[in-house]
Amino acid sequence: PEVLQSIYEFEESIKKLPGYSDFCSKLLVMGDCCLPLESWMNFLFNRISGTIAPLGEMENTIKKRARRGYNVDQYFDYYVTNKANVTKTAVYLRGEETELKQFMETLYRDLLWKRQNDYSNMIYTWDNPYLYEVEARDALLHATLWSIGSLLVIGIMIYLKLQDMFVFFFGMLGLLLAFTTSYYWCLFHFNNISDITLLYVSGQ
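Calculation rules
Residues numbered from 1 in each chain as written. Predicted model: local features only at pLDDT ≥ 70, side-chain atom pairs only at ≥ 80, totals over all residues. Heavy atoms only, no water. Core = buried A, V, L, I, M, F, W, Y, C linked by side-chain atoms within 4.5 Å. Buried < 20%, exposed > 50% of the residue type's maximum accessible area, 1.4 Å probe, protein only. Helix = DSSP H or I, 4+ residues; strand = E, 2+ residues; numbered from the N terminus. Contact = heavy atoms within 4.5 Å. Expected span 1.5 Å × (residues − 1). Polar contact = N/O pair within 3.5 Å; in protein donor to acceptor, adjacent residues only side chain to side chain. Axes fitted to C-alpha atoms, helices over the stretch in contact; angles between N-to-C directions. Parallel < 35°, antiparallel > 145°, perpendicular 65-115°, else oblique. Left-handed = near helix turned anticlockwise from the far one by under 90°. Disulfide = S-S within 2.5 Å. Phe/Tyr/Trp six-rings, centres within 6.5 Å; stacked < 30°, edge-to-face > 60°. Nonpolar A, V, L, I, M, F, W, Y, C, P; charged D, E, K, R; others polar. pLDDT = per-residue confidence, 0-100.

So, about the nonpolar core. One finds Phe10, Met41, Leu112 and Tyr124 to be the most contacted residues of the largest nonpolar core, which totals 28 residues. For this core, the leading source of residues is helix 5 (residues 97-112), giving seven residues. Aside from chain neighbours lying at most four places away, what touches Phe10 is Leu111, Leu112, Tyr119, Met122 and Tyr124.

Pasting the structure below:
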């Protein structure tokens, strides 16, 4: 129940995110109401009061509604429900492409990424091509900023040691070329960029 409570609270935080009501999918017959998330929590919680169903009733609901490979993992068992350790939730969004992408970036940065360590009893992830792109772009920016900072520190140390602008310039140029060469070999010839180490760089 504690894990289910965390999942429920996390799903509610998605719906409370500023702008969610503008981009959630809606049916004409529902007026301004968003489509509910496709989630087990719809059957296990009262969305109005936020209270969880009794344990016996909850297990019966899961056993009746579960479909293998859909909203549970491969370990799900119709008779031993606690063997499952993964559940899936679908969030339906719609809107003009540019504005929707801006909202999805907000969803990623203000909620998905920021709250990853807020729950000690569950781990969540996401499955969306654009969110993958945003995640990769943010990781690249983060790595670039740290790399620039590292190069500046190394450059200052080299200059203070040598106090020669000519040697400093070619020393930094050599460091940049060593990194790019190592990156090229690890990515295109060794087919594993994670193999890149300081030893590769310094050996160029």
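What follows continues from the structure just given.
The subject of this paragraph is helix 1 (residues 2-15). With 14 residues, helix 1 should cover 20 Å at 1.5 Å per step; its first-to-last C-alpha distance of 20 Å lies within 8% of that length. When helix 1 is considered as a whole, its buried residues turn out to be Leu4, Ser6, Ile7, Tyr8, Phe10, Glu11, Glu12, Ser13 and Ile14.

Bringing the side chain of Ser39 into the picture now. Tracing the backbone through its elements, the reader meets Ser39 in the loop between helix 2 (20-23) and helix 3 (41-44). Here the side chain of Ser39 touches Glu11 through a polar contact of 2.7 Å, side chain to side chain.

Remark: helix 5 packs on helix 6 (residues 129-162), axes separated minimally by 10 Å, with the N-to-C direction vectors making an angle of 60°. It follows from the interaxial angle that helix 5 and helix 6 lie oblique. The two elements helix 5 and helix 6 meet at a crossing, and its hand is right-handed. The segment helix 5 lies against helix 6, with Lys101, Met104, Glu105, Tyr108, Arg109 and Leu112 engaging Tyr130, Leu131, Val134, Glu135, Arg137 and Asp138.

The next subject is the state of the cysteines. Any covalent bond linking the sulfur atoms of two cysteines counts as a disulfide. Using the criterion set out here, one finds one disulfide in the structure. Here Cys24 engages in a disulfide with Cys34; their sulfurs sit 1.8 Å apart. Torsion about the S-S bond of the Cys24 and Cys34 cystine: about -65°, corresponding to left-handed handedness. Here Cys24, found in the loop between helix 2 and helix 3, pairs with Cys34, found in the loop between helix 2 and helix 3; they are ten residues apart in sequence, far enough to count as distant. For Cys34, a relative accessible area of 23% corresponds to the partly exposed category. With no disulfide of its own, Cys33 has Cys34 as its nearest cysteine by sulfur position, at a separation of 7.6 Å. Judged by relative accessible area, Cys33 falls into the partly exposed class, the value being 46%.

A few words now on the packing of aromatic side chains. Enumeration over the complete set of coordinates arrives at nine aromatic pairs. Look at Phe169 and Phe170: their rings are 5.0 Å apart centre to centre, the planes differ by 85°, and that puts the pair in the edge-to-face class. Three or more aromatic residues joined by ring pairs make a cluster, and in this case those are Phe10, Tyr108, Trp113, Tyr119, Tyr124 and Trp126.

On to helix 6, then. Each α-helix turn comprises 3.6 residues. Residues three or four places apart therefore point the same way. Spanning 34 residues, helix 6 covers 49 Å between terminal C-alpha atoms, matching the ideal 50 Å at 1.5 Å per step. Those residues of helix 6 that sit buried are Tyr130, Leu131, Val134 and Gly155. Looking at where helix 6 begins, the residue whose side-chain oxygen comes 3.0 Å from the main-chain nitrogen of Tyr130 is Asn128.

Orientation of helix 1 relative to helix 5, taken along the N-to-C sense of each, is 140°, at an axis distance of 11 Å. When the axis of helix 1 is compared with that of helix 5, the two are oblique. Taken as a pair, helix 1 and helix 5 cross one another with a handedness that is right-handed. Together, Phe10, Ser13 and Ile14 of helix 1 and Leu107, Leu111 and Leu112 of helix 5 make up the contact between the two elements. In terms of residue class, the contact of helix 1 with helix 5 is built from five nonpolar, one polar and no charged.

Moving on: the confidence of the model for the protein chain. For the protein chain, per-residue confidence averages 76 on the pLDDT scale, and residues scoring 70 or more make up 70% of the total. In the model of the protein chain, helix 8 (residues 198-203) stands out as the element of lowest mean pLDDT, 47, in contrast to helix 5, which has the highest, 92. Taken together, the stretch residues 198-204 has pLDDT below 50 and engages in ten contacts with residues farther than four places along the chain or on a different chain.

The subject of this paragraph is the side chain of Ser13. As for its placement among the helices and strands, Ser13 is situated in helix 1. One polar contact links Ser13 to Arg115, side chain to side chain, over a distance of 3.4 Å. The residues contacting Ser13, other than those within four sequence positions of it, are Leu111 and Arg115.

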